[in-house]
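Structure assessment
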Amino acid sequence: MKVAAAFLLAVLSGKASPTSADIKDILGSVGAESEDAQIELLLKEVKGKDCAELIAVGREKLASVPCGGGGVAMASAPSAGVGGGAAPAAEAKKEDKKEEKEESDDDMGFSLFE
């Protein structure tokens, strides 16, 4: 992905057909490592093709890819009786949402705000 991004940056900078050295310079400027095999493969695949047409074809292909996930099933709390059970159930749902949000931060392995 980074090789393709560097290629597109080179095209945006005005180079109609970027070279391997152009891509390596862009990747090197941000400290990213590059593999010659990946760069050469990309250059071979896009040789003689218009970048705008490649993007248009790619968009058409992505349109057929299913995206999005299924909904999360929320377990409802059992009612505790007539009338008085609604408020505790609502509080439990709020608490569950808060805990779920906190747990999602743990999954990344770091906190953005600490």
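Above this text sits the structure in question.
Residues numbered from 1 in each chain as written. Predicted model: local features only at pLDDT ≥ 70, side-chain atom pairs only at ≥ 80, totals over all residues. Heavy atoms only, no water.

1. A word on the environment of E40
- Here E40 is to be found in helix α3 (residues 36-46).
- Taking the C-alpha atoms as reference, E40 lies 9.9 Å from V3; in sequence the two are 37 residues apart. (Helix = DSSP H or I, 4+ residues; strand = E, 2+ residues; numbered from the N terminus.)

2. Things to note about the packing of helix α1 (residues 2-12) against α3
- For the pair α1 and α3, interaxial distance at closest approach is 10 Å and the crossing angle is 55 degrees. Considering the angle they form, α1 stands oblique to α3. In this structure, the crossing between α1 and α3 has a hand that is right-handed. Across the interface between the two elements, V3, A4 and F7 from α1 touch Q38, I39, L42, L43 and V46 from α3.
- Taken together, the residues of the contact of α1 with α3 break down into seven nonpolar, one polar and no charged. (Axes fitted to C-alpha atoms, helices over the stretch in contact; angles between N-to-C directions. Parallel < 35°, antiparallel > 145°, perpendicular 65-115°, else oblique. Left-handed = near helix turned anticlockwise from the far one by under 90°. Contact = heavy atoms within 4.5 Å. Nonpolar A, V, L, I, M, F, W, Y, C, P; charged D, E, K, R; others polar.)

3. Concerning the pattern of salt bridges
- Scanning the entire structure with this criterion turns up two salt bridges.
- Between K15 and D22 there is a salt bridge, with its nearest N and O atoms 3.4 Å apart. (Salt bridge = Lys/Arg side-chain N within 4 Å of Asp/Glu carboxyl O.)

4. Focus on α1
- Inspection of α1 places V3, A6, F7 and A10 among the buried residues, and these make up the whole buried set. Taken down its axis, α1 places every buried residue within 105 degrees of arc, on the same side.
- Those residues of α1 that are buried are in contact with α2 (20-29) and α3.
- The first or second residue beyond α1 is G14, which carries a positive phi of 115 degrees. (Buried < 20%, exposed > 50% of the residue type's maximum accessible area, 1.4 Å probe, protein only. Arc of directions from axis to C-beta.)

5. Side note on the layout of surface pockets
- In this structure, the largest pocket occupies an estimated 250 Å³ of space.
- Classifying every residue of the lining of the largest pocket by side-chain character gives ten nonpolar, no polar and no charged.
- In this structure, the second largest pocket encloses a volume near 170 Å³.
- Forming the boundary of the second largest pocket are 13 residues, of which F7, A16, S17, P18 and V46 lie nearest the centre.
- Residue assignment for the lining of the second largest pocket shows that the elements contributing at least two residues are α1, α3 and α4 (51-63).
- Residues that form the lining of the second largest pocket fall into these classes: eight nonpolar, two polar and three charged. (1 Å grid on protein atoms, 1.4 Å probe; cavity = no way out; pocket = protein on both sides within 12 Å on 5 of 7 lines; lining within 4 Å. Points joined across faces, edges and corners; volume = space filled by probe spheres on them.)

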